[in-house]
Structure formats: structure tokens, C-alpha cells
Amino acid sequence: MKTSRLLTVLVGGVFCLAVMSLYRMLELMQGAELREHPDTPGGQVDNVSHNFTVFMCVFQLLDVYDLLPFDNPDGGAWKQGFEISYHGNEWDEQPLELFLVPHSHNDPGWLKTFDGYYQDQTRHILNNMLIKLSEDSRRKMIWAEISYFSKWWNDIDEQKREMVKRLVRAGQLELVTGGWVMADEANSHYFALLDQLIEGHQWIQRHIGVKPSSGWAVDPFGHSPSMAYLLKGAGLQDMVIQRVHYAVKKHFARQQTLEFQWRQSWDPSPRSDITCHMMPFYSYDVPHTCGPNPSICCQFDFHRLPGGRVYCPWRISPQPITEQNVQERALLLLDQYRQKSRLFRSPVLLVPLGDDFRFTDSSEWDAQFSNYQKLFDYFEQHPELHIKARFGTLSDYFSALRRRLSAAGSTLPTLRGDFFTYADRDDHYWSGYFTSRPFYKRLDRTMEATLRATEILFSLTLAEMRRFHGNGQLVAGFPAREHFQRLTAGRRNLALFQHHDAVTGTARDAVVVDYGTRYDLIFQVNLINASSCRSCQLMRTSVSADGQFVCRFDFLSSPLTDCFCVRSLIIFNPTEQLRTSVISVVVDSPDARVVDAQTGRPMAAQISAVWEEPTRASTESFQVKNTLLRCSVMSLNSHSPEMLFLRLQSGLVRQLQVQFLWYGTTSNRDKSGAYLFLPGTEGGQPSEPPLVRVSRGPVFSDITSCFRHFTHRVRLYHLDGHAGRSVEISNMVDIRSEVNRELAMKLVTDVANGNRFYSDLNSFQMQQRRTLEKLPLQANFYPMTSASFLQDSTSRVSLLTAQSQAVASLTPGELEVVLDRRLQQDDNRGLGQGVTDNKLTASLYHLLLEDRRGGAQVRGWVEHLSLLAHLSSLSLCHPPITMVAPSNSQLPKLRPFLPLSSSMPCDVHLLNLRTLEDAQVRAAPGNTWKHLETPGDTFKHLDLCFLC
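Here the residue numbers are simple positions, counted from 1 along each chain's written sequence. With pLDDT at 70 or above as the cut-off, local features in this predicted model cover only qualifying residues; side-chain atom pairs require 80 or more to be listed or tallied, and sums for whole chains, interfaces and linings still use all residues. To get the side-chain values, all heavy atoms of the structure are used, and hydrogens and water are removed first.

- An unreviewed UniProt entry lists the protein under the name Alpha-mannosidase, with Sparus aurata as the source organism.
- UniProt positions are given in the numbering used here, feature names are shortened, and annotations may be inferred rather than shown by experiment. Reading the Sequence similarities (unreviewed entry) entry of the UniProt record for the protein gives the comment "Belongs to the glycosyl hydrolase 38 family."
- Under the UniProt heading Subcellular location (unreviewed entry), the note attached to the protein is "Golgi apparatus membrane".

1. Section: the overall build of the protein
Then step 1. Under the DSSP-based scheme used, a helix requires at least four consecutive residues in state H or I and a strand at least two consecutive residues in state E, with every element numbered from the N terminus. For the protein, the helix and strand inventory stands at 17 helices and 38 strands.
Then step 2. Counting across all 948 residues of the protein, residues that qualify as buried make up 62%.
Then step 3. Here the analysis covers contacts within the protein between residues at least 6 apart in sequence; of these, 73% occur between residues at least 24 apart.
Then step 4. Here, Shrake-Rupley sampling with a 1.4 Å probe gives the accessible areas, and only protein chains in the shown set may cover a residue. Summed over all atoms, the accessible surface of the protein reaches about 35600 Å², with 52% contributed by carbon and sulfur. Think of it in three bands: residues with accessible area under 20% of the maximum for their type are buried, residues over 50% are exposed, and the middle band is partly exposed, with areas taken using a 1.4 Å probe on protein chains only. Here a residue-residue contact requires only that any non-hydrogen atoms of the pair lie within 4.5 Å.

2. Description of unusual backbone geometry
Then step 1. The peptide bond linking Phe420 to Thr421 adopts the cis configuration, its omega dihedral lying at 5°.
Then step 2. In this structure, Thr177 is a non-glycine residue whose phi angle is positive, near 65°.
Then step 3. Here Thr177 lies in the loop between strand 4 (173-175) and helix 6 (190-207).

3. Concerning the sheet that holds strand 2 (residues 96-105)
Within a sheet, neighbouring strands are paired by backbone hydrogen bonds and run either parallel or antiparallel to one another.
Then step 1. When DSSP finds two or more bridges between a pair of strands, those strands are recorded as paired. Strand order in the open sheet formed by three strands is 9-2-10, with parallel pairing between adjacent strands. Unpaired on one side and paired on the other, strand 9 (348-356) and strand 10 (387-391) mark the two borders of the sheet. Going across the sheet, the axis of each strand differs from the next one's by a mean of 20°, ignoring polarity.
Then step 2. Pairing of strand 2 with strand 9, which is carried by nine bridges, proceeds in the parallel orientation. The residue of strand 9 that forms the bridge with His103 is Gly354.
Then step 3. Inter-axis angles, ranging from 0 to 180 degrees, are taken between N-to-C directions of lines fitted to C-alpha atoms, where helices are fitted over the stretch in contact. Its contacts with the sheet put helix 12 (residues 394-408) on strand 2 and strand 9, and the angle it makes with strand 9 is roughly 165°.

4. Some details on the sheet that holds strand 11 (residues 414-416)
Then step 1. Reading across from one edge, 1-11-7-8-6-5 is the order of the six strands in this open sheet, with mixed pairing throughout. Strands at the two margins of the open sheet, each flanked by one partner only, are strand 1 (58-60) and strand 5 (214-217). The sheet shows a mean angle of 30° between the axes of neighbouring strands, direction not considered.
Then step 2. In the sheet, strand 5 pairs with strand 6 (residues 238-241) via four bridges, with the strands oriented parallel. Paired with Gly215 across the two strands is Met239, which belongs to strand 6.

5. Structural notes on the state of the cysteines
As used here, a disulfide is simply a covalent bond connecting the sulfur atoms of two cysteines.
Then step 1. Criterion for a disulfide: a pair of cysteine sulfur atoms at a distance within 2.5 Å. Here the structure, examined in full by the defined rule, presents two disulfides.
Then step 2. There is a disulfide in this structure between Cys290 and Cys297, and the S-S distance comes to 2.0 Å. Taking the sign of the S-S torsion, -90° for the link of Cys290 and Cys297, the bridge is left-handed.
Then step 3. What pairs with Cys298 in a disulfide is Cys312, and their sulfur atoms sit 2.0 Å apart. Of note, the bridge from Cys298 to Cys312 carries an S-S torsion of about -105° and is left-handed in sense. In this pair, Cys298 sits in the loop between helix 9 (294-297) and helix 10 (326-341) while Cys312 sits in the loop between helix 9 and helix 10, placing the two residues 14 residues apart along the sequence. Neither residue differs from the other here; Cys298 and Cys312 are each classed as buried.

6. Some remarks on the packing of helix 13 (residues 438-469) against helix 14 (residues 480-497)
Then step 1. Look at helix 13 against helix 14: their axes get within 10 Å of each other, and the N-to-C directions meet at 150°. One element, helix 13, and the other, helix 14, form an angle in the roughly antiparallel class. As for how helix 13 packs across helix 14, the hand of that crossing is left-handed. Across the interface between the two elements, Tyr440, Asp444, Glu448, Leu451, Thr454, Glu455, Phe458 and Leu462 of helix 13 pack against Ala480, His483, Phe484, Leu487, Gly490, Arg491, Leu494 and Phe497 of helix 14. Here roughly perpendicular refers to angles of 65 to 115 degrees, roughly parallel to angles under 35, roughly antiparallel to angles over 145, and oblique to all remaining angles. Should the near helix be turned counterclockwise from the far one by less than a right angle, the crossing is left-handed, whereas a clockwise turn marks it as right-handed.

7. Topic: the pattern of salt bridges
Then step 1. Salt bridge, as used here: a side-chain nitrogen of Lys or Arg that lies within 4 Å of a carboxyl oxygen of Asp or Glu. This structure, assessed with the given rule, holds 49 salt bridges.
Then step 2. With a closest N to O distance of 3.2 Å, Asp115 and Arg518 form a salt bridge. Residue Asp115 is found in helix 3 (residues 114-135), and its partner Arg518 is found in helix 15 (residues 509-522); the two are separated by 403 residues along the sequence.
Then step 3. According to the relative accessible area criterion, Arg518 is buried, its value standing at 16%.
Then step 4. Put simply, Lys132 and Glu135 hold a salt bridge, and the shortest N to O gap is 3.8 Å. Residue Lys132 and its partner Glu135 are both found in helix 3; the two are separated by three residues, about one turn of the helix.
Then step 5. On the accessibility criterion, Lys132 (7% relative accessible area) is buried.
Then step 6. Its relative accessible area of 49% is what places Glu135 among the partly exposed residues.
Then step 7. Each of Glu97, Arg390, Arg403 and Arg404 takes part in one network of salt bridges that share partners.

8. Some remarks on the environment of Ala605
Then step 1. As for its placement among the helices and strands, Ala605 is situated in strand 17 (residues 604-613).
Then step 2. Of the residues examined, Ala605 reaches a relative accessible area of 31% and is grouped as partly exposed.
Then step 3. With 13 residues separating them along the chain, Ala605 and Ala592 place their C-alpha atoms 9.4 Å apart.

9. Section: the packing of helix 3 against helix 4 (residues 146-155)
Then step 1. At a closest axis distance of 10 Å, the pairing of helix 3 and helix 4 adopts a crossing angle of 70°. Judged by the angle between their axes, helix 3 and helix 4 are roughly perpendicular. For the pair helix 3 and helix 4, contact is made by Phe114, Asp115, Tyr117, Tyr118, Thr122, Arg123, Leu126, Asn127, Met129 and Leu130 and by Ser147, Tyr148, Phe149, Lys151, Trp152 and Asp155, respectively.
Then step 2. Following the grouping adopted for this structure description, the nonpolar residues are Ala, Val, Leu, Ile, Met, Phe, Trp, Tyr, Cys and Pro, the charged ones are Asp, Glu, Lys and Arg, and the polar ones are all others, Gly among them. Split by residue class, the contact of helix 3 with helix 4 holds nine nonpolar, three polar and four charged.

10. Considering the nonpolar core
Then step 1. Of all hydrophobic cores here, the largest spans 193 residues; its most connected members are Phe149, Phe252, Tyr337, Tyr372 and Phe419.
Then step 2. If we ignore the near neighbours within four places in the chain, the residues touching Tyr337 are Leu96, Leu98, Leu100, Cys290, Leu349, Val351, Tyr372, Phe379 and Ile387.
Then step 3. The definition of a nonpolar core used throughout is a set of buried Ala, Val, Leu, Ile, Met, Phe, Trp, Tyr and Cys residues joined through side-chain atoms within 4.5 Å. If you look at the next biggest cluster of nonpolar residues, it comprises 20 residues, including Met182, Met279, Val348 and Ala400.

11. Regarding helix 11 (residues 362-381)
Then step 1. Compared with an ideal rise of 1.5 Å per residue, which puts 20 residues at 28 Å, helix 11 spans 29 Å between its outermost C-alpha atoms and is within 8% of the ideal.
Then step 2. On the buried face of helix 11, the contacting elements are strand 2, helix 3, strand 3 (141-143), helix 10, strand 9 and strand 10. Working rule for helices: expected span equals 1.5 Å times residues minus one.

12. Considerations on helix 7 (residues 225-233)
Then step 1. For helix 7, a buried count of seven out of nine residues is recorded, marking the element as mostly surrounded by other parts of the structure.
Then step 2. What helix 7 keeps buried is the set Pro225, Ser226, Met227, Ala228, Tyr229, Leu230 and Leu231.
Then step 3. Definition of a polar contact: a pair of N or O atoms within 3.5 Å, with one able to donate and the other able to accept a hydrogen when the atoms are protein atoms, and with sequence-neighbouring residues admitted only if both atoms are side-chain atoms. Here helix 7 starts with a cap whose side-chain oxygen sits 3.1 Å from the backbone nitrogen of Ser226, and that cap is Ser224.
Then step 4. Phi turns positive one or two residues past the end of helix 7, at Gly235, with a value near 100°.

13. Quick word on the packing of aromatic side chains
Then step 1. Stacked, edge-to-face and tilted are the three classes for Phe, Tyr and Trp ring pairs, Trp counted by its six-membered ring, which pair at centre distances within 6.5 Å; planes under 30 degrees apart are stacked, over 60 edge-to-face, the rest tilted. According to the stated counting rule, one finds 46 aromatic pairs in the structure shown.
Then step 2. Consider the rings of Phe302 and Tyr372, whose centres lie 5.3 Å apart with planes at 80°: the pair is edge-to-face. Of the two residues, Phe302 is situated in the loop between helix 9 and helix 10 and Tyr372 in helix 11; the sequence distance between them amounts to 70 residues. Each member of the pair Phe302 and Tyr372 is classed as buried.
Then step 3. When the ring of Tyr372 is compared with that of Phe376, the centres are 6.0 Å apart and the planes differ by 45°; the resulting orientation is tilted. Note that Tyr372 and Phe376 are positioned in helix 11 at a spacing of four residues, about one turn of the helix.

Written out as C-alpha cells, the structure is:
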């Protein structure tokens, strides 16, 4: 027996080596750069029986993409797959163990608003859940969206809350993932992903006293390893994903690698691994979860029984299970279960039972549970069928999976990479939503930065107040409780917008307006900023004799008027390093000057025009931009408004041209919409010549090009530090007059990057991308949350962005980002409308040129932003917060408030300083640190505190 086991392992090892050689041949055949990596990609295992010991292999998803032909032959009943066969004796020694997992996917906004869905459906689902699960201890269910669960919790009495806790303790109800929402994984920044996870986990811990152990992400449109890493750090061990390219699913199903250990590309060890189950079929609804034939699986969705509102599109309705038909029905269903089981390495099978907003009616609960229980009873009464079926949760399933794998001495393969860009059929790639509704994507990042700054300043203020009296008590009169309530509301509204139909721009117009209204509420956290900053500045001078807090600042949101009076500006730097930044203030006089409040000395400043129209400057408003330092470190030469030459002090020169182009939509029946990008031929550039303005000054110089649909500006700051080592690019886009058109900005460089470039995943890590000719144009666009770069052996050109959008490198040396999309039609993914609520939208970038000559060349799949790029990106995403004292206030002399005695190391980022609840004033600061990655370094996290 031991010899047999050893032989199996050796055979697996030889197979892995053979596949690794195949991947290496693919690299060489494509003329790609030879790359050496300590973890060589592994292979696939085909036709593995359930008692086969699988050799541990590590494979890279990039190599799978190189390997796949991306054809789409008709697979028969499983259209996107293949015929599945079995002999019938595969389960004689190890019976099939099946877990049917009831679920109801509740979108926190999509076709209806969050509140609309809750009132019409979600509260009824949860109310019925309490009743129906309590009726039979064999019944189970999972729930994911804590935003809904917490709202329902507030509506129920204490008796029902105790019922919920009993169901959780009994294992009948499992809260999965534990996030405030089922978050989008393409557009969301990791700060917001983590924040919504913390908010949900804290709520669960505080009210129910448990911690989630399994993740459930069945509807995000593609999946990121950044989310997997955050889940693992939050204590989860397992996760389920669904929306993966149909060709990748088919490949994984053939190789029986639908279950794997998902490992971070930058981590050579298994410490970040999380067990991942990929659902094999088209959707997470009942017709696509029991097995490969949806027409048969639909017959076992008992919500579709004749006479109801929902029916099977294959025109064969479900039948109620009776003594007369139970044998025939059970065997028909068992055949689907067995076929699906052949796609996995163990005889444990996960079968979800649910869909969007399922189990709303009491009758559906009865129909599903009673009919399935009759089938399960039949299976139990016939042991010759070798199946044990029951209702279960994700924890039940993964526990059984681990037990079976351990007993068989088997291991799951290890995968590195991400699952973008998603396609659900044909050439329908979901790369449109990477850009849809860019106004709200930009707003999301602005609110995120505001919330983070507020969290930090509020926590510092509370600590300073406790230190002020020396007894741990807060200064009387400071509205800590009210501020914390505002802070909590801000957190939850930001978290809600990370939902996969919110930040994605894929909700109905009225729902988007509702999200925007909730974001308006986040501006209230600026009251906390102003109040907290005032406290820190004037702690020793603005407290009256009775200890009352008496002074305040205002958040600067409008032009300063009456500039003949002295106005005090207070600048809060939300980053953890000293920085040189340009502060812009609009005033009503060109004679304004800026002085240091502490020393009284004048500061360098530049007065600029405020342009009301491309050729007309305002006579009532002026921009004052000031800074302390001036030092030119990069020169910017331009022979035309679109052609730039970037030169470093080292002498390296790169040519860069900025172009703009239009995309239309295809002439086929299926067209671009909120989700899909289905372009026609690449459009031409704007034909009209722009009006060009050139500005020069001691603080900055810029070139502004005014086109009909957008205004494009390139600016160079004459500053020391990272602020002066990049070129700022900004666009103001207005395409509201267009029909079915999308505007893109293209950077054309002389960088010899071949078919490879890099884009970030959630601003957390960089992912190599390969532009493949065998894929359609829209498939080569990827999400960019904050950064993308091209590089060759001598230089790197990085584009750092303040908003998420689609990015591609369709031609060597080019980097292309989609700025806005206006589309008149629905793309048949359920939204029922186009995207026509465009707004005047700003986009902001830093362009950075770096010399790679003489430096350590990192070879392999893993690359990182440089520390310079990190710092530039942080300054872009976290600008200084500017506040102003009221003009009629009698202020004492201002003094700096420096909570840090010195800057933190440049490779450490304070992600947040988050106030938790306590018994006194809900004020217990917690912190989260992030160690920034640099080329050649191992990515590390220090004191990663999830505060759960």
C-alpha cells in the first residue's frame, strides 16, 4: 500500500514536470522574455478518481490563458462545457456526500433601492427564515449581506433575536463572508474592501458573537486575489466564487481543478492560501447548480411548480414529489449530481439552492424543503445508490471536504492569479463596467479619502483630549457621541457603495441617485474634521474655565471672500510622512498673499486665473496656489499640445504622446451597455483642433487643451520630493451630447514592453497582463484601481490614477484608459436600461518616468510599484484636507499639531486609525498598517489588525 502511494506521488510529479515544460515551450514559441521564478507553474490532473492521491502543483493563471484556444464549441446539454460520463461504480467504496445549500442573494440596490428591496422582499425572507428553520432542525440556510441583516435586526424584538442566535449556534443559519455587502472586486480600493469587511464583522461579533469562516461571492463580475487575501486575514478558511470566464471554467472542470488553494502571486509560502471552490456552470441559480443539464435541474426548482409566477424556460415544469414518482425523480436528479461530481477530486458535492431574492414567500420555503426532504429520504432508504444527501451550510461542506481529502491523503492544487476579464458567453466580455458611470467612481475615491482622514483625525483628537486632563476623560462639550454616529453612518454608506452593482455603475438611474444621496451624507464627516482639528489646535487656549469646548473650524468648500481680512487656513496632512504639496484656494482678489501663521513669513504662491470659458477668465475669482519649496527635477518639453518629452536628471529621455479616440458599439444585435464592452472598429481621434492655453509660474507650469467634449491639462509642479517628480494629467469630460460612444485616452510611448503590461488589483498589488491576439479587443481591457505601467529593460512609465477605470495596452508602447461611456441600450444582463445619466466628470492622473538601468531586474510574474510611485499614488489618493476659520472669530495664534514626532518609514503606510466602540464614548482607537512592496521585496503586512 505504501509503495502504491509512493508510486502515485511520483507519477504526479512527472506529470507536473511535463506540463511545466509545456508552459515553458509556450513562452519560447511566443517570443516572450524568459522568466525565472522560484515557484514554477504546475500542471493539470485529468481523469482523477476520488481515491487518487494528487501531487501538489502550483500553476499560474497567466499560463492557462496562453494555453487555452478560447473557442466556444457546443458542449451539448452543458453548452459551454462537454459531455460527462461515468460508469456507476465510482462511489461504491466512497459514497457521494451531497450538501444542498439554500441561499438568497439580496442585492443592496440594483433595480430597486436598498430600502425598496428591504421593504418589498428582504424583510419577508428573513422573517420567514426564522419560522421555517425553526420548524425542522434538518433545514439550513446561509446569508451574506450584513447591511440587510443589521437593518432587519433593528426591526425585530429581543425574542426573535434570541431565535436567530439559537439557529446560528445550532449550525442551521450561517453568516458567510460577513461583509457589509458582497463587494465588487474590480473597482473597489482595498481600503474600502477592508472597511466594509470590518464593519460587517464587528456587527456580527457585537450582536451575535460569532466569526464567519467561509466566503460566498457568487455575483461579483470577476474575482481578485486581493479579496481572497483580505478574507484569509479576517480569519476565513474557505470561499466560493462563481463569475469566471466560461473557457477557464471548462478547462478547470476537465482537469478537476475547480477546487484549489488560492495563493498570492508575491507569496512563496502557503501562509496566504485560502481554499477556493469555483462553481462550474453558467450561473448560481437552480437550473445551473445541480448538474450540467439546466433543463433537468430546473425541474428541481420547486418554486417553479405549475401555477406560480416563475416557470422553466425549457418548458418542462417541476413535479411535486409523491410516492408514485419519487423513484423516477430521485434517479433523474442523482444522475445530475453524479455528473457534476465527476468534475471534482473528492466525492463531496456542493449544490447551492437559490437565486436573487429567493424564499420571499412562505410557500416557497415549504415547496423547496418538503420536496427535497422526500428525495433525501428516498436516497437514505436505498443505500445501493451510494449517496448521502442533506441540507447544509458552507462550513458543513468544507469540513466534509477536508475530512475526505485527509482520509485519502490528497491535496488540492495551488493557483496564482486573478479572474479578470469575465465573459459569460461568446465574445461578451464584462469590461464595460470597469468605467461605467465614472463620476461616481471618482466620488467613491474622494469619499474614501475623506472618511480615512476623518477616522485618523477623530481618533487622534480623542486621544489628545484624554491626555489633556490626565484622567482619561474627554473634554466636556466635545460632541464625541454625535461625531461617532456620523462616522458610523459614513462608514456604512461607503461600505454600501462597494456593492457589486453600485461602484460598478450597473444599477438603475433612480438607484444611482439614491447612492449619490447617501454619499452626500458622508460629507457630514467633514464636520468631524473641522471640530477635531479645532480641538487639536486650540486644546490649551480655547477651553474655558469650566472646561467647555467652545471653538470650531469650517470645512473649506466655497471661495474665500472678503480677502482684505486675515483668514486662517488649517491644513491637515492625512498621510504618515512629511510632504510638500500645493494647496489651491479660490479667492476674490488677485492681491492675496500667503504667510506662515507660526513665523509670519511670506510663502511662495502663484495667482492663477479661474476660467469660466476656454477663452474667458473670471474677473471675480482667482486661484492661489502656495508651497514652501521649489526645485525642478524633471523637465517637460512640448513641440505640440499632445507631444511630450520626459527627461530625468540621469539623462534618460522618453517620448510620450497623448491621444484621444472614440469607440462606437458593434452593429450586431448585442451591443455595449452598463456591463459589456462590445466595440465596433476603433474610432478616430477628435477632428477639431483644440484651443491651447500655456501657463508658467514659480509653483507650476501647465498646458491646457480645450476640445469640444473634454478639457485636457498637463501640469508640472516645481517642487521637491515626489510631488515634483511626476507629471499631472487631468481631464474634464462631458459626452452628454453623444450617442453610443465611449471616449478613451491613449498614451503612446517608445517603451518596448512587447505584449505585457501591468495593472493593479484594488490598489493592493500589481498583476501582469498579456495582450493576446486570439482574444477580441474588449477582452484585453482590465480593471485599474490606481496604477498601471509599461516597462522594458531601461525604463518604466507608470500611470497613477485617482479613480478606477478600464485599461489596456493593445499595441506595444501604448497604454489606453477609457474615460467615459454613454450607451443608449441595455446589454441584456438584467438592468433593463442603458447608461445615459452622464455628468461633467473629472479624472486625475500622475505620470511617472523611472530609470531601470543599473537597478536589480526582477524576473518573473511579480512586479511592484516603486516606493516613489507608491508615495505619488498616496498623495494623489489622499490630498491634504483644507479648513478655514470663520472671518469673525477671534483666534489665538495657531500652532502646529504634530501627533508623530517624525515621519514614518517611507515603506510603511498607516491604512487607518479606526475608532471602535467602548462603554464611555465609543472611542477605542485601533490601527491597521501596510508595508509597501518594492521590486525584489517580499510583500509584508505589519500588525494587520482586522478588529473583529
